[in-house]
Amino acid sequence: FPPKQKNLDPFNSTFQILESIASATPAWTSANGNKISEPTTSKNSDPNYNSKTVTESGHIREVDDTPNHERIFEQHKSGTKKEIDSQGNEIKKIVGDKFTIVQRNGYIYVEGECDIVVNGAANFKTSNSFNMQVVGDANINVHGSANVGVGGNADLSVGGRFSLNADEILMF
């Protein structure tokens, strides 16, 4: 049997406290200087169109059919949440670890800009070839040391001017 659930009044103070705790908005800066923060949503719910359920332990599920403000919201008692707003935007916030396992092929396509910010170490490994293509300019800024190791041959092809600037150049 499923756990006992309560339908709470949308103006219930306990429910509003749970929502405000989950909507903290951290901010960070992307590599190109964009300021990014967690999006906030406007909750213009009409109780006649909104169905909210909060379980005994504090899980929340909401389906809002308020005209022009339709949205779907789910939240775990830990604060991990997912929301789809009336424009089709999706916001996911995970307060613990996230694992994604794809046992066949995977594809990601973004029609527009994409910023990835990692506040810790980032590692990438492929068991086959790695291809990267930039249609435009590329900038790589390393604020510490950089090491490049090549197990086979290395070729560098420049279609225009090539410049090298260093305090000291050592060749072995």
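No experiment lies behind these values; they were computed from the predicted model shown.

The rules we used
Residues numbered from 1 in each chain as written. Predicted model: local features only at pLDDT ≥ 70, side-chain atom pairs only at ≥ 80, totals over all residues. Heavy atoms only, no water. Helix = DSSP H or I, 4+ residues; strand = E, 2+ residues; numbered from the N terminus. Buried < 20%, exposed > 50% of the residue type's maximum accessible area, 1.4 Å probe, protein only. Contact = heavy atoms within 4.5 Å. Salt bridge = Lys/Arg side-chain N within 4 Å of Asp/Glu carboxyl O. Pairing = 2+ DSSP bridges. pLDDT = per-residue confidence, 0-100.

Visitor: Which residues make up the overall build of the protein chain, and what values do they have?
Guide: For the protein chain, the count of helices and strands is one helix and eight strands. The order of helices and strands in the protein chain, counted from the N terminus, is β-α-β-β-β-β-β-β-β. Within the span of the protein chain, comprising 172 residues, buried residues form 13% of the whole. If you take every contact in the protein chain between residues at least 6 apart in sequence, the share linking residues at least 24 apart comes to 35%.

Visitor: Lay out the pattern of salt bridges in plain terms, naming residues and giving numbers.
Guide: The tally for this structure, following the rule as stated, stands at six salt bridges. A salt bridge links E83 to R71; the nearest nitrogen and oxygen atoms lie 2.9 Å apart. Linking E83 in strand β7 (residues 81-84) with R71 in strand β6 (residues 71-75), this pair joins segments that are 12 residues apart in sequence. Considered together, E83 and R71 belong to a single accessibility category, that of buried residues. Its salt-bridge partner being E90, residue K82 comes within 3.6 Å of it at the nearest N-O pair. Of the residues examined, K82 reaches a relative accessible area of 33% and is grouped as partly exposed. Exposure remark for E90: the relative accessible area of 44% places this residue in the partly exposed category. Residues participating in the shared-partner salt-bridge network are E38, K81 and K93.

Visitor: Tell me about the pairing of β6, and name the residues and values.
Guide: Alternating positions in β6 separate cleanly, R71, F73 and Q75 being buried on one face and I72 and E74 remaining unburied on the opposite face. Where strand β5 (residues 60-64) meets β6, five bridges bridge the pair, whose relative direction is antiparallel. Each bridged residue has a counterpart across the sheet, and for E62 the counterpart in β6 is F73. Between β5 and β6, which pair antiparallel in sequence order, lie six residues; one of them, N68, sits at a positive phi of approximately 70°. Connecting β6 to the next strand, β7, in antiparallel fashion are five residues, including G79 with a positive phi near 110°.

Visitor: Pulling in residues and values, what's your account of the confidence of the model for the protein chain?
Guide: Per-residue confidence for the protein chain gives a mean pLDDT of 87, with 85% of residues at or over 70. For residues 1-23, every residue scores under 50 in pLDDT, and the model assigns this stretch 36 contacts once sequence neighbours within four places are set aside.

Visitor: Run through the environment of G58, naming residues and quoting values.
Guide: Its location among the elements puts G58 in the loop between β4 (50-55) and β5. A relative accessible area of 11% places G58 in the buried class.

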